[in-house]
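Geometric and topological summary
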Amino acid sequence: MFYIHCPYCGEYRGEEEFSPKGEAHITRPADPDGCSDEEWGSYLFFRQNPRGVHHELWVHTLGCRKFFNITRHTVSYEIFETYRMGEQPKVTEQSLAEALNKTRKEESV
Amino acid sequence: MQRYSGFGLVKHALSHHENWQRQWRNPTPKKRYDVIVVGGGGHGLATAYYLAKNHGITNVAVLEKGWLGGGNTARNTTIVRSNYLWDEAAQLYDHSLDLWKGLSQDLNYNVMFSQRGVMNLGHTLQDMRDIQRRVHANRLNGIDSEVINAEQIKEIVPVIDTSKRARYPILGASWQKSAGVARHDAVAWGYARAADALGVDILQNTEVTGFKIRDGQVYGVQTNRGDIESKTIGCVAAGNSGVLAKMAGLTLPLESHPLQALVSEPLKPVLDTVVMSNHVHGYISQSDKGDLVIGAGIDGYLGYGQRGSYATVEHTLQAIVEMFPSFSRVRMNRQWGGIVDTCADACPILSKTQVKGLFFNCGWGTGGFKATPGSGHVFAASLAKGEMHPLAAPFSIDRFNTGALVDEHGAAGVAH
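Residues numbered from 1 in each chain as written. Chains lettered and ligands numbered in written order. Predicted model: local features only at pLDDT ≥ 70, side-chain atom pairs only at ≥ 80, totals over all residues. Heavy atoms only, no water.

Examining the interface of chain A and chain B
The condition that has to hold: Whether two residues are in contact is decided by their heavy atoms: any pair within 4.5 Å suffices. Note: buried area is the sum, over both parts, of the accessible area (probe 1.4 Å) each one loses when the two are combined. By convention in these notes, a salt bridge is any Lys or Arg side-chain nitrogen within 4 Å of a carboxyl oxygen on Asp or Glu. Helix and strand assignments come from DSSP, with helices taken as H or I runs of at least 4 residues and strands as E runs of at least 2, each series counted from the N terminus.
Contacts between the two partners involve 25 residues from chain A, matched on the other side by 28 residues from chain B. Carbon and sulfur atoms make up 55% of the area that chain A and chain B hide from each other, which totals about 2200 Å². It is Phe-45, Phe-46 and Asn-49 of chain A that lose the most area in chain A upon contact with chain B, and together they represent 31% of the buried surface on that side. Our count for the contact surface shared by chain A and chain B stands at zero salt bridges. Among the elements of the structure, β3 (19–23), α1 (37–44) and β4 (53–59) of chain A are those that each provide at least two residues to the side of chain A that touches chain B. Element by element, the count of residues in the side of chain A that touches chain B is highest for α1 of chain A, at four residues.

Section: the pattern of salt bridges
Applied cut-off: Three exposure classes are used, based on accessible area relative to the maximum for each residue type with a 1.4 Å probe and protein chains only: buried under 20%, partly exposed in between, and exposed over 50%.
Following the criterion strictly, the structure yields 15 salt bridges over all chains and no others. The partner of Glu-56 of chain A in a salt bridge is Arg-72 of chain A, with the nearest N and O atoms 2.4 Å apart. Taken together, the positions of Glu-56 of chain A in strand β4 and Arg-72 of chain A in strand β5 (residues 67–73) put the pair 16 residues apart, joining distant regions of the chain. The same class applies to Glu-56 of chain A and to Arg-72 of chain A, which are both buried. The partner of Glu-387 of chain B in a salt bridge is Lys-352 of chain B, with the nearest N and O atoms 3.1 Å apart. Within this pair, whereas Glu-387 of chain B is found in the loop between α10 (372–385) and α11 (399–402), its partner Lys-352 of chain B is found in strand β18 (residues 349–352), the two being separated by 35 residues in sequence.

Observations regarding the nonpolar core
Residues and elements named next belong to chain B. The condition is simple: Here, nonpolar core refers to any group of buried Ala, Val, Leu, Ile, Met, Phe, Trp, Tyr and Cys residues whose side-chain atoms link them within 4.5 Å.
With 55 residues, the main nonpolar core has Trp-100, Tyr-191 and Leu-350 as its most contacted residues. Among the elements of the structure, β1 (35–38), α2 (42–55), β2 (60–63), α3 (87–101), α4 (103–107), α7 (184–197) and α10 are those that each provide at least two residues to this core. Counting residues in hydrophobic clusters, the runner-up holds 30 residues, among them Tyr-33, Leu-203, Phe-211 and Leu-254.

Description of the packing of α3 of chain B against α10 of chain B
All names here are of chain B. To be explicit about the condition: The axes used here are C-alpha line fits, helices contributing only the stretch in contact, and every angle between their N-to-C directions lies in the interval 0 to 180 degrees. Oblique is the label for any angle not covered by the other classes, which are roughly parallel (under 35 degrees), roughly antiparallel (over 145) and roughly perpendicular (65 to 115). All amino acids are sorted into three groups, where Ala, Val, Leu, Ile, Met, Phe, Trp, Tyr, Cys and Pro are nonpolar, Asp, Glu, Lys and Arg are charged, and the leftover types, Gly among them, are polar.
Taken N-terminus to C-terminus, the directions of α3 and α10 make an angle of 105°; their axes are 7 Å apart at the nearest point. Here α3 is positioned roughly perpendicular relative to α10, judged by the angle of their axes. Judged by residue contacts, Leu-92, His-95, Ser-96, Leu-99 and Trp-100 of α3 engage Thr-372, Pro-373, Gly-374, His-377 and Val-378 from α10. Residue composition of the contact of α3 with α10, grouped by class: five nonpolar, five polar and no charged.

With respect to the sheet that holds strand β9 (residues 208–214) of chain B
Residues and elements named next belong to chain B. So the rule is basically this: Strand pairing follows a simple DSSP-based rule, namely that at least 2 bridges must link the two strands.
Spatially, β9-β10-β11 is the arrangement adopted by the three strands of the open sheet, whose pairing is antiparallel. Two strands lie at the open edges of the sheet, namely β9 and β11 (226–229), each paired on one side alone. The average undirected angle you get between the axes of adjacent strands in this sheet is 25°. As judged from the four bridges shared by strand β10 (residues 217–223) and β11, these two strands associate in the antiparallel manner. Looking at β11, one finds that Thr-223 is bridged to Gly-226.

As for unusual backbone geometry
The backbone phi angle of His-25 of chain A is positive, close to 60°, even though this residue is not glycine. Tracing the sequence through the fold places His-25 of chain A in the loop between β3 and α1. Exposure remark for His-25 of chain A: the relative accessible area of 40% places this residue in the partly exposed category. Even without being glycine, His-17 of chain B reaches a positive phi, approximately 55°.

Observations concerning the side chain of Thr-82 of chain A
Residues and elements named next belong to chain A. Convention followed: What qualifies as a polar contact is a pair of N or O atoms within 3.5 Å, subject to a donor-acceptor requirement within protein and to the restriction that residues adjacent in sequence count only when both atoms come from side chains.
As for its position among the elements, Thr-82 is in strand β6 (residues 79–84). Owing to a relative accessible area of 18%, Thr-82 belongs among the buried residues under this scheme. Of the polar contacts made by the side chain of Thr-82, one reaches the backbone oxygen of His-5; its length is 2.8 Å. Beyond its immediate chain neighbours, meaning those up to four positions away, Thr-82 contacts Ile-4, His-5, Pro-7, Phe-68, Asn-69 and Ile-70.

Below, the structure is given as C-alpha coordinates:
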(Lines give C-alpha, C1' and ligand atoms only; values in the text may rest on other atoms or scores of the structure.)
Protein backbone atom coordinates (compact mmCIF):
# COMPACT_ATOMS: atom_id res chain seq x y z
CA MET A 1 0.00 0.00 0.00
CA PHE A 2 1.52 3.29 -1.09
CA TYR A 3 1.01 6.53 0.73
CA ILE A 4 1.61 9.13 -1.95
CA HIS A 5 2.28 12.85 -1.59
CA CYS A 6 0.47 14.68 -4.39
CA PRO A 7 2.65 17.67 -5.31
CA TYR A 8 -0.43 19.63 -6.40
CA CYS A 9 -2.80 18.85 -3.49
CA GLY A 10 0.15 19.11 -1.08
CA GLU A 11 -0.86 16.16 1.09
CA TYR A 12 -0.39 12.42 1.51
CA ARG A 13 -3.27 10.24 0.23
CA GLY A 14 -3.86 6.48 -0.10
CA GLU A 15 -2.84 4.58 -3.23
CA GLU A 16 -6.43 3.89 -4.32
CA GLU A 17 -6.81 7.57 -5.31
CA PHE A 18 -3.97 7.30 -7.82
CA SER A 19 -3.32 5.47 -11.11
CA PRO A 20 0.13 4.55 -12.40
CA LYS A 21 0.78 5.53 -16.02
CA GLY A 22 4.21 4.06 -16.76
CA GLU A 23 7.64 5.51 -17.40
CA ALA A 24 8.03 9.29 -17.05
CA HIS A 25 9.99 11.78 -19.18
CA ILE A 26 9.17 10.16 -22.53
CA THR A 27 9.01 12.94 -25.11
CA ARG A 28 6.73 12.70 -28.10
CA PRO A 29 8.75 12.97 -31.32
CA ALA A 30 8.90 16.60 -32.42
CA ASP A 31 8.65 15.68 -36.09
CA PRO A 32 6.33 12.64 -36.30
CA ASP A 33 6.47 12.46 -40.11
CA GLY A 34 10.25 12.33 -40.09
CA CYS A 35 10.46 9.39 -37.68
CA SER A 36 11.74 5.99 -38.74
CA ASP A 37 9.90 2.79 -37.72
CA GLU A 38 12.56 2.22 -35.05
CA GLU A 39 12.06 5.69 -33.58
CA TRP A 40 8.28 5.23 -33.43
CA GLY A 41 8.70 1.75 -31.97
CA SER A 42 10.99 2.92 -29.23
CA TYR A 43 8.75 5.89 -28.41
CA LEU A 44 5.63 3.72 -28.19
CA PHE A 45 6.78 0.36 -26.82
CA PHE A 46 10.39 0.06 -25.66
CA ARG A 47 10.86 0.88 -21.97
CA GLN A 48 13.74 1.09 -19.48
CA ASN A 49 11.86 -1.24 -17.08
CA PRO A 50 14.64 -0.95 -14.46
CA ARG A 51 15.12 -3.20 -11.48
CA GLY A 52 15.97 -0.28 -9.20
CA VAL A 53 15.21 3.44 -9.25
CA HIS A 54 12.35 4.33 -11.61
CA HIS A 55 10.91 7.71 -12.57
CA GLU A 56 7.26 7.19 -13.36
CA LEU A 57 4.12 9.04 -14.29
CA TRP A 58 1.06 8.89 -12.02
CA VAL A 59 -2.29 10.64 -12.06
CA HIS A 60 -4.32 11.67 -9.01
CA THR A 61 -7.47 10.13 -10.52
CA LEU A 62 -9.79 10.56 -7.55
CA GLY A 63 -8.28 13.86 -6.39
CA CYS A 64 -7.09 16.82 -8.41
CA ARG A 65 -6.84 14.64 -11.56
CA LYS A 66 -3.44 16.09 -12.37
CA PHE A 67 -0.48 14.13 -13.71
CA PHE A 68 2.78 14.19 -11.73
CA ASN A 69 5.99 12.15 -11.35
CA ILE A 70 7.23 9.75 -8.70
CA THR A 71 10.75 8.43 -8.15
CA ARG A 72 10.36 4.96 -6.68
CA HIS A 73 12.43 1.82 -6.16
CA THR A 74 10.92 -1.10 -8.08
CA VAL A 75 12.11 -3.79 -5.65
CA SER A 76 11.69 -2.19 -2.23
CA TYR A 77 8.81 -0.03 -3.57
CA GLU A 78 10.17 2.88 -1.50
CA ILE A 79 9.01 6.28 -2.79
CA PHE A 80 11.90 8.77 -2.78
CA GLU A 81 10.10 11.87 -4.05
CA THR A 82 7.15 13.18 -5.99
CA TYR A 83 7.47 16.16 -8.29
CA ARG A 84 5.37 18.18 -10.70
CA MET A 85 5.21 17.84 -14.45
CA GLY A 86 8.04 19.68 -16.18
CA GLU A 87 10.34 19.35 -13.16
CA GLN A 88 13.40 17.10 -13.02
CA PRO A 89 13.97 14.41 -10.37
CA LYS A 90 16.36 15.16 -7.48
CA VAL A 91 16.87 11.48 -6.69
CA THR A 92 18.39 9.26 -9.38
CA GLU A 93 20.15 5.90 -9.48
CA GLN A 94 23.44 7.83 -9.56
CA SER A 95 22.65 10.24 -6.71
CA LEU A 96 21.53 7.33 -4.52
CA ALA A 97 24.74 5.41 -5.22
CA GLU A 98 26.82 8.50 -4.38
CA ALA A 99 24.90 9.08 -1.13
CA LEU A 100 25.41 5.43 -0.20
CA ASN A 101 29.16 5.66 -0.89
CA LYS A 102 29.38 8.81 1.24
CA THR A 103 27.71 7.18 4.27
CA ARG A 104 29.96 4.14 3.84
CA LYS A 105 33.07 6.35 3.85
CA GLU A 106 31.87 8.23 6.93
CA GLU A 107 31.19 4.95 8.68
CA SER A 108 34.66 3.63 7.87
CA VAL A 109 36.24 6.84 9.27
CA MET B 1 16.54 -42.55 -14.79
CA GLN B 2 14.48 -44.76 -12.57
CA ARG B 3 11.05 -44.99 -14.23
CA TYR B 4 8.00 -44.29 -12.10
CA SER B 5 5.22 -46.90 -12.15
CA GLY B 6 2.65 -48.53 -9.91
CA PHE B 7 4.92 -51.53 -9.62
CA GLY B 8 7.82 -49.29 -8.57
CA LEU B 9 5.67 -47.74 -5.86
CA VAL B 10 4.95 -51.18 -4.40
CA LYS B 11 8.62 -52.17 -4.64
CA HIS B 12 9.75 -49.02 -2.81
CA ALA B 13 7.05 -49.47 -0.17
CA LEU B 14 8.82 -52.72 0.80
CA SER B 15 11.99 -50.74 1.58
CA HIS B 16 10.05 -47.98 3.39
CA HIS B 17 10.55 -45.53 0.49
CA GLU B 18 14.14 -44.94 1.52
CA ASN B 19 15.83 -45.80 -1.78
CA TRP B 20 14.21 -43.40 -4.24
CA GLN B 21 16.69 -41.97 -6.72
CA ARG B 22 17.27 -38.20 -6.69
CA GLN B 23 15.13 -36.63 -9.41
CA TRP B 24 18.04 -34.76 -10.98
CA ARG B 25 21.80 -34.43 -10.46
CA ASN B 26 23.55 -31.40 -9.03
CA PRO B 27 26.49 -31.15 -11.46
CA THR B 28 29.42 -28.73 -11.46
CA PRO B 29 29.36 -26.40 -14.47
CA LYS B 30 31.41 -27.47 -17.48
CA LYS B 31 33.59 -24.95 -19.33
CA ARG B 32 31.58 -25.13 -22.54
CA TYR B 33 28.07 -26.10 -23.68
CA ASP B 34 26.40 -26.28 -27.08
CA VAL B 35 23.41 -24.35 -25.76
CA ILE B 36 22.84 -22.40 -22.53
CA VAL B 37 19.30 -21.73 -21.34
CA VAL B 38 19.13 -18.88 -18.81
CA GLY B 39 16.20 -19.39 -16.45
CA GLY B 40 15.09 -22.63 -14.79
CA GLY B 41 11.35 -22.13 -14.78
CA GLY B 42 8.86 -24.25 -16.70
CA HIS B 43 9.62 -22.64 -20.08
CA GLY B 44 13.40 -22.88 -19.67
CA LEU B 45 13.33 -26.49 -18.52
CA ALA B 46 10.91 -27.43 -21.31
CA THR B 47 13.28 -25.77 -23.81
CA ALA B 48 16.19 -27.84 -22.50
CA TYR B 49 14.13 -31.04 -22.55
CA TYR B 50 12.98 -30.64 -26.17
CA LEU B 51 16.51 -29.64 -27.25
CA ALA B 52 17.75 -32.98 -25.94
CA LYS B 53 14.77 -35.09 -26.94
CA ASN B 54 13.80 -33.72 -30.36
CA HIS B 55 17.07 -32.27 -31.61
CA GLY B 56 19.67 -34.54 -30.04
CA ILE B 57 21.48 -31.60 -28.42
CA THR B 58 22.28 -32.93 -24.96
CA ASN B 59 25.29 -30.76 -24.09
CA VAL B 60 22.95 -28.16 -22.62
CA ALA B 61 23.01 -26.19 -19.35
CA VAL B 62 20.06 -24.58 -17.63
CA LEU B 63 21.24 -21.72 -15.39
CA GLU B 64 18.91 -20.77 -12.56
CA LYS B 65 19.75 -18.08 -10.03
CA GLY B 66 17.43 -19.53 -7.39
CA TRP B 67 15.77 -22.91 -7.29
CA LEU B 68 13.84 -24.69 -10.05
CA GLY B 69 10.38 -23.35 -10.75
CA GLY B 70 10.58 -20.89 -7.87
CA GLY B 71 9.35 -17.95 -9.90
CA ASN B 72 6.17 -17.65 -11.90
CA THR B 73 5.97 -21.41 -12.47
CA ALA B 74 5.17 -21.80 -8.77
CA ARG B 75 3.07 -18.66 -8.54
CA ASN B 76 0.46 -18.91 -11.27
CA THR B 77 -3.12 -20.16 -11.10
CA THR B 78 -2.37 -23.16 -13.38
CA ILE B 79 -5.01 -22.54 -16.04
CA VAL B 80 -4.44 -24.16 -19.45
CA ARG B 81 -6.51 -23.13 -22.48
CA SER B 82 -6.08 -22.08 -26.10
CA ASN B 83 -9.12 -19.99 -27.02
CA TYR B 84 -7.17 -17.01 -28.37
CA LEU B 85 -8.56 -14.73 -31.05
CA TRP B 86 -5.84 -14.33 -33.67
CA ASP B 87 -4.48 -17.17 -35.81
CA GLU B 88 -0.87 -16.66 -34.71
CA ALA B 89 -1.63 -16.84 -31.00
CA ALA B 90 -4.32 -19.52 -31.30
CA GLN B 91 -1.98 -21.83 -33.20
CA LEU B 92 0.83 -21.37 -30.69
CA TYR B 93 -1.36 -21.99 -27.64
CA ASP B 94 -3.21 -24.87 -29.31
CA HIS B 95 0.11 -26.50 -30.17
CA SER B 96 0.85 -26.25 -26.47
CA LEU B 97 -2.51 -27.75 -25.51
CA ASP B 98 -1.81 -30.71 -27.80
CA LEU B 99 1.47 -31.32 -25.97
CA TRP B 100 -0.24 -31.04 -22.58
CA LYS B 101 -2.47 -33.99 -23.44
CA GLY B 102 0.37 -36.49 -23.56
CA LEU B 103 2.75 -34.73 -21.20
CA SER B 104 2.46 -36.99 -18.15
CA GLN B 105 3.26 -40.07 -20.27
CA ASP B 106 5.98 -38.28 -22.19
CA LEU B 107 7.78 -37.15 -19.03
CA ASN B 108 6.89 -40.24 -16.96
CA TYR B 109 5.77 -37.70 -14.35
CA ASN B 110 2.22 -37.01 -13.28
CA VAL B 111 1.58 -33.35 -14.08
CA MET B 112 -2.06 -33.86 -13.07
CA PHE B 113 -3.39 -32.26 -16.25
CA SER B 114 -7.14 -32.15 -15.77
CA GLN B 115 -9.31 -31.12 -18.72
CA ARG B 116 -12.16 -29.76 -16.66
CA GLY B 117 -13.13 -26.96 -19.05
CA VAL B 118 -12.71 -23.20 -18.91
CA MET B 119 -15.53 -20.68 -19.08
CA ASN B 120 -15.11 -17.00 -19.98
CA LEU B 121 -18.19 -15.12 -18.83
CA GLY B 122 -19.93 -12.27 -20.65
CA HIS B 123 -21.85 -9.66 -18.65
CA THR B 124 -22.81 -7.14 -21.33
CA LEU B 125 -24.03 -7.27 -24.91
CA GLN B 126 -20.63 -6.13 -26.12
CA ASP B 127 -18.99 -8.92 -24.07
CA MET B 128 -21.26 -11.42 -25.80
CA ARG B 129 -20.45 -10.03 -29.26
CA ASP B 130 -16.74 -10.29 -28.51
CA ILE B 131 -17.22 -13.83 -27.20
CA GLN B 132 -19.14 -14.83 -30.36
CA ARG B 133 -16.38 -13.41 -32.51
CA ARG B 134 -13.64 -15.18 -30.57
CA VAL B 135 -15.52 -18.50 -30.56
CA HIS B 136 -16.03 -18.30 -34.35
CA ALA B 137 -12.33 -17.54 -34.81
CA ASN B 138 -11.44 -20.47 -32.53
CA ARG B 139 -13.61 -22.88 -34.52
CA LEU B 140 -12.00 -21.79 -37.77
CA ASN B 141 -8.69 -22.67 -36.14
CA GLY B 142 -9.98 -26.09 -35.09
CA ILE B 143 -10.20 -25.23 -31.39
CA ASP B 144 -13.16 -26.71 -29.52
CA SER B 145 -14.98 -23.62 -28.33
CA GLU B 146 -18.65 -22.84 -28.01
CA VAL B 147 -20.99 -20.14 -26.78
CA ILE B 148 -23.27 -21.14 -23.93
CA ASN B 149 -26.13 -19.23 -22.29
CA ALA B 150 -26.85 -18.49 -18.63
CA GLU B 151 -28.94 -21.65 -18.09
CA GLN B 152 -26.17 -23.86 -19.46
CA ILE B 153 -23.68 -22.07 -17.21
CA LYS B 154 -25.89 -22.72 -14.19
CA GLU B 155 -26.09 -26.40 -15.15
CA ILE B 156 -22.30 -26.73 -15.27
CA VAL B 157 -21.64 -24.52 -12.22
CA PRO B 158 -24.67 -24.67 -9.90
CA VAL B 159 -23.06 -22.41 -7.31
CA ILE B 160 -22.73 -19.40 -9.65
CA ASP B 161 -25.21 -16.53 -9.50
CA THR B 162 -26.87 -16.20 -12.90
CA SER B 163 -29.89 -14.30 -11.61
CA LYS B 164 -31.01 -11.04 -13.18
CA ARG B 165 -30.68 -9.40 -9.76
CA ALA B 166 -26.90 -9.42 -9.95
CA ARG B 167 -25.12 -6.08 -10.29
CA TYR B 168 -23.46 -7.44 -13.46
CA PRO B 169 -25.85 -10.16 -14.70
CA ILE B 170 -24.21 -13.11 -16.45
CA LEU B 171 -25.54 -13.35 -20.00
CA GLY B 172 -23.46 -16.20 -21.36
CA ALA B 173 -19.95 -17.49 -21.79
CA SER B 174 -17.44 -19.04 -24.10
CA TRP B 175 -16.75 -22.64 -23.12
CA GLN B 176 -13.66 -24.64 -24.00
CA LYS B 177 -14.10 -28.19 -22.77
CA SER B 178 -10.59 -29.37 -23.56
CA ALA B 179 -9.05 -26.65 -21.38
CA GLY B 180 -8.31 -27.15 -17.72
CA VAL B 181 -5.63 -26.99 -15.06
CA ALA B 182 -2.37 -28.78 -14.24
CA ARG B 183 -0.09 -29.14 -11.25
CA HIS B 184 2.44 -26.33 -11.73
CA ASP B 185 5.34 -27.62 -9.59
CA ALA B 186 5.12 -31.05 -11.19
CA VAL B 187 5.55 -29.45 -14.61
CA ALA B 188 8.89 -27.90 -13.60
CA TRP B 189 10.04 -31.02 -11.78
CA GLY B 190 8.90 -33.37 -14.53
CA TYR B 191 10.72 -31.42 -17.24
CA ALA B 192 13.81 -31.10 -15.04
CA ARG B 193 13.93 -34.83 -14.30
CA ALA B 194 13.37 -35.84 -17.92
CA ALA B 195 15.92 -33.31 -19.23
CA ASP B 196 18.47 -34.40 -16.63
CA ALA B 197 18.01 -38.02 -17.67
CA LEU B 198 18.90 -37.04 -21.25
CA GLY B 199 22.14 -35.41 -20.06
CA VAL B 200 21.15 -31.77 -19.54
CA ASP B 201 23.05 -30.05 -16.70
CA ILE B 202 20.67 -28.20 -14.39
CA LEU B 203 22.69 -25.61 -12.46
CA GLN B 204 20.78 -24.07 -9.58
CA ASN B 205 22.04 -21.08 -7.56
CA THR B 206 23.90 -20.00 -10.69
CA GLU B 207 23.20 -16.38 -11.50
CA VAL B 208 24.14 -14.81 -14.82
CA THR B 209 25.93 -11.51 -14.20
CA GLY B 210 26.94 -10.64 -17.75
CA PHE B 211 27.24 -11.76 -21.35
CA LYS B 212 30.48 -12.19 -23.29
CA ILE B 213 29.99 -10.63 -26.69
CA ARG B 214 32.62 -10.23 -29.42
CA ASP B 215 31.94 -8.66 -32.85
CA GLY B 216 28.19 -8.88 -32.32
CA GLN B 217 28.29 -12.59 -31.51
CA VAL B 218 27.66 -13.94 -28.02
CA TYR B 219 30.17 -16.56 -26.88
CA GLY B 220 29.44 -17.06 -23.22
CA VAL B 221 28.09 -15.84 -19.92
CA GLN B 222 29.63 -14.66 -16.67
CA THR B 223 28.09 -16.20 -13.59
CA ASN B 224 28.69 -16.27 -9.85
CA ARG B 225 30.22 -19.72 -10.43
CA GLY B 226 32.64 -18.63 -13.15
CA ASP B 227 32.45 -18.08 -16.87
CA ILE B 228 30.67 -20.59 -19.10
CA GLU B 229 31.04 -20.63 -22.87
CA SER B 230 28.39 -21.20 -25.50
CA LYS B 231 27.61 -19.67 -28.86
CA THR B 232 23.86 -20.21 -28.52
CA ILE B 233 22.12 -18.73 -25.51
CA GLY B 234 18.36 -18.64 -24.90
CA CYS B 235 17.09 -16.28 -22.20
CA VAL B 236 13.84 -17.44 -20.59
CA ALA B 237 13.73 -15.25 -17.50
CA ALA B 238 10.14 -13.91 -17.43
CA GLY B 239 9.97 -10.81 -15.19
CA ASN B 240 13.74 -10.41 -15.10
CA SER B 241 14.22 -10.60 -18.90
CA GLY B 242 14.76 -6.85 -19.05
CA VAL B 243 17.59 -7.11 -16.54
CA LEU B 244 19.31 -9.74 -18.71
CA ALA B 245 18.70 -7.71 -21.87
CA LYS B 246 20.38 -4.71 -20.26
CA MET B 247 23.51 -6.82 -19.60
CA ALA B 248 23.66 -7.49 -23.34
CA GLY B 249 23.06 -3.82 -24.14
CA LEU B 250 19.51 -4.37 -25.40
CA THR B 251 16.14 -2.83 -24.50
CA LEU B 252 12.94 -4.86 -24.68
CA PRO B 253 9.36 -3.68 -25.24
CA LEU B 254 8.42 -5.05 -21.81
CA GLU B 255 7.19 -3.85 -18.45
CA SER B 256 7.49 -6.01 -15.34
CA HIS B 257 4.51 -5.90 -13.02
CA PRO B 258 3.43 -7.74 -9.88
CA LEU B 259 0.59 -10.20 -10.46
CA GLN B 260 -1.09 -11.47 -7.33
CA ALA B 261 -3.01 -14.65 -6.58
CA LEU B 262 -4.50 -16.17 -3.49
CA VAL B 263 -5.94 -19.43 -2.19
CA SER B 264 -8.66 -20.07 0.34
CA GLU B 265 -8.91 -22.63 3.10
CA PRO B 266 -9.72 -26.11 1.69
CA LEU B 267 -13.42 -26.67 1.00
CA LYS B 268 -15.55 -29.66 0.01
CA PRO B 269 -15.80 -29.98 -3.81
CA VAL B 270 -17.89 -27.07 -5.04
CA LEU B 271 -16.42 -25.96 -8.38
CA ASP B 272 -15.24 -28.57 -10.89
CA THR B 273 -14.33 -26.22 -13.73
CA VAL B 274 -12.52 -22.90 -14.25
CA VAL B 275 -14.58 -19.70 -14.33
CA MET B 276 -13.10 -16.46 -15.60
CA SER B 277 -14.64 -13.06 -16.11
CA ASN B 278 -13.00 -10.20 -17.96
CA HIS B 279 -15.76 -7.81 -17.04
CA VAL B 280 -15.84 -8.10 -13.25
CA HIS B 281 -12.15 -8.95 -13.43
CA GLY B 282 -11.38 -12.21 -11.72
CA TYR B 283 -10.98 -15.95 -12.20
CA ILE B 284 -11.36 -18.94 -9.97
CA SER B 285 -10.97 -22.71 -9.85
CA GLN B 286 -10.79 -25.29 -7.11
CA SER B 287 -7.62 -27.30 -6.63
CA ASP B 288 -7.60 -31.05 -5.98
CA LYS B 289 -6.74 -30.19 -2.37
CA GLY B 290 -10.01 -28.26 -2.10
CA ASP B 291 -8.79 -24.68 -1.88
CA LEU B 292 -10.20 -22.06 -4.19
CA VAL B 293 -7.44 -20.67 -6.43
CA ILE B 294 -8.14 -17.04 -7.24
CA GLY B 295 -6.46 -14.42 -9.38
CA ALA B 296 -7.12 -11.26 -11.34
CA GLY B 297 -5.24 -8.42 -12.97
CA ILE B 298 -1.77 -7.01 -12.48
CA ASP B 299 -0.87 -4.13 -10.21
CA GLY B 300 -0.55 -1.21 -12.61
CA TYR B 301 2.86 -0.01 -11.46
CA LEU B 302 6.27 -1.43 -12.30
CA GLY B 303 7.45 -3.88 -9.67
CA TYR B 304 10.07 -6.57 -9.18
CA GLY B 305 9.12 -7.15 -5.54
CA GLN B 306 6.94 -10.30 -5.98
CA ARG B 307 4.22 -8.53 -4.03
CA GLY B 308 1.50 -6.04 -4.87
CA SER B 309 -1.03 -3.77 -3.25
CA TYR B 310 -3.91 -4.74 -1.00
CA ALA B 311 -6.33 -2.74 -3.14
CA THR B 312 -5.79 -5.19 -6.02
CA VAL B 313 -6.57 -8.17 -3.78
CA GLU B 314 -9.73 -6.45 -2.57
CA HIS B 315 -10.80 -5.75 -6.15
CA THR B 316 -10.19 -9.40 -7.09
CA LEU B 317 -12.32 -10.71 -4.24
CA GLN B 318 -15.11 -8.26 -5.05
CA ALA B 319 -15.26 -9.86 -8.50
CA ILE B 320 -15.34 -13.38 -7.07
CA VAL B 321 -18.13 -12.52 -4.61
CA GLU B 322 -20.05 -10.84 -7.43
CA MET B 323 -20.03 -14.16 -9.35
CA PHE B 324 -20.27 -16.43 -6.30
CA PRO B 325 -22.12 -14.66 -3.45
CA SER B 326 -21.96 -17.88 -1.39
CA PHE B 327 -18.15 -17.58 -1.23
CA SER B 328 -18.36 -14.30 0.66
CA ARG B 329 -17.46 -15.87 4.01
CA VAL B 330 -14.72 -18.21 2.76
CA ARG B 331 -11.46 -17.36 4.50
CA MET B 332 -8.32 -16.83 2.45
CA ASN B 333 -5.28 -18.82 3.45
CA ARG B 334 -2.35 -17.43 1.48
CA GLN B 335 -1.66 -14.61 -0.94
CA TRP B 336 1.44 -13.97 -3.05
CA GLY B 337 2.75 -12.19 -6.12
CA GLY B 338 4.91 -13.00 -9.11
CA ILE B 339 6.68 -10.71 -11.57
CA VAL B 340 5.10 -10.84 -15.00
CA ASP B 341 6.68 -9.33 -18.10
CA THR B 342 3.93 -7.77 -20.15
CA CYS B 343 4.03 -6.66 -23.77
CA ALA B 344 1.88 -3.93 -25.22
CA ASP B 345 -0.10 -6.47 -27.28
CA ALA B 346 -0.43 -9.15 -24.55
CA CYS B 347 1.54 -11.62 -26.68
CA PRO B 348 4.95 -13.14 -26.02
CA ILE B 349 8.32 -12.43 -27.58
CA LEU B 350 10.11 -15.42 -29.16
CA SER B 351 12.90 -13.81 -31.04
CA LYS B 352 16.45 -13.42 -32.18
CA THR B 353 18.20 -10.22 -31.14
CA GLN B 354 20.78 -7.87 -32.64
CA VAL B 355 23.39 -9.99 -30.85
CA LYS B 356 24.06 -13.12 -32.91
CA GLY B 357 23.39 -16.32 -31.01
CA LEU B 358 21.41 -14.58 -28.27
CA PHE B 359 17.69 -15.46 -28.26
CA PHE B 360 14.87 -14.29 -26.00
CA ASN B 361 11.72 -16.13 -24.97
CA CYS B 362 9.79 -13.73 -22.76
CA GLY B 363 6.83 -11.39 -22.55
CA TRP B 364 4.37 -14.17 -21.73
CA GLY B 365 2.96 -11.71 -19.24
CA THR B 366 -0.01 -12.91 -17.28
CA GLY B 367 -0.61 -16.17 -19.16
CA GLY B 368 2.59 -18.09 -19.66
CA PHE B 369 1.90 -21.28 -17.72
CA LYS B 370 -0.51 -22.72 -20.28
CA ALA B 371 2.11 -22.28 -22.96
CA THR B 372 4.93 -24.07 -21.12
CA PRO B 373 5.20 -27.17 -23.38
CA GLY B 374 4.53 -25.29 -26.63
CA SER B 375 6.90 -22.47 -25.79
CA GLY B 376 9.69 -24.90 -24.90
CA HIS B 377 9.00 -26.97 -28.02
CA VAL B 378 9.16 -24.14 -30.56
CA PHE B 379 11.97 -22.31 -28.75
CA ALA B 380 14.10 -25.47 -28.68
CA ALA B 381 13.55 -25.89 -32.43
CA SER B 382 14.56 -22.26 -32.97
CA LEU B 383 17.74 -22.60 -30.88
CA ALA B 384 18.66 -25.88 -32.60
CA LYS B 385 18.26 -24.51 -36.14
CA GLY B 386 19.29 -20.91 -35.50
CA GLU B 387 16.09 -19.81 -37.27
CA MET B 388 12.78 -19.14 -35.59
CA HIS B 389 10.20 -21.96 -35.74
CA PRO B 390 7.23 -21.03 -38.01
CA LEU B 391 4.88 -20.89 -34.98
CA ALA B 392 7.30 -18.54 -33.19
CA ALA B 393 8.11 -16.32 -36.18
CA PRO B 394 5.17 -13.88 -35.77
CA PHE B 395 6.35 -13.11 -32.21
CA SER B 396 9.62 -11.43 -33.15
CA ILE B 397 10.76 -8.27 -31.34
CA ASP B 398 10.63 -6.56 -34.75
CA ARG B 399 6.85 -6.46 -34.63
CA PHE B 400 7.08 -3.47 -32.25
CA ASN B 401 8.81 -1.52 -34.99
CA THR B 402 6.91 -2.80 -38.03
CA GLY B 403 3.53 -2.51 -36.28
CA ALA B 404 2.53 -6.14 -36.92
CA LEU B 405 1.21 -6.57 -33.37
CA VAL B 406 -0.95 -9.55 -32.39
CA ASP B 407 -3.49 -7.87 -30.13
CA GLU B 408 -4.74 -10.46 -27.67
CA HIS B 409 -6.07 -8.17 -24.95
CA GLY B 410 -9.54 -9.59 -25.49
CA ALA B 411 -8.41 -13.14 -24.80
CA ALA B 412 -5.62 -12.36 -22.35
CA GLY B 413 -6.53 -9.06 -20.70
CA VAL B 414 -7.77 -10.73 -17.54
CA ALA B 415 -8.05 -14.31 -18.57
CA HIS B 416 -4.78 -16.03 -17.74
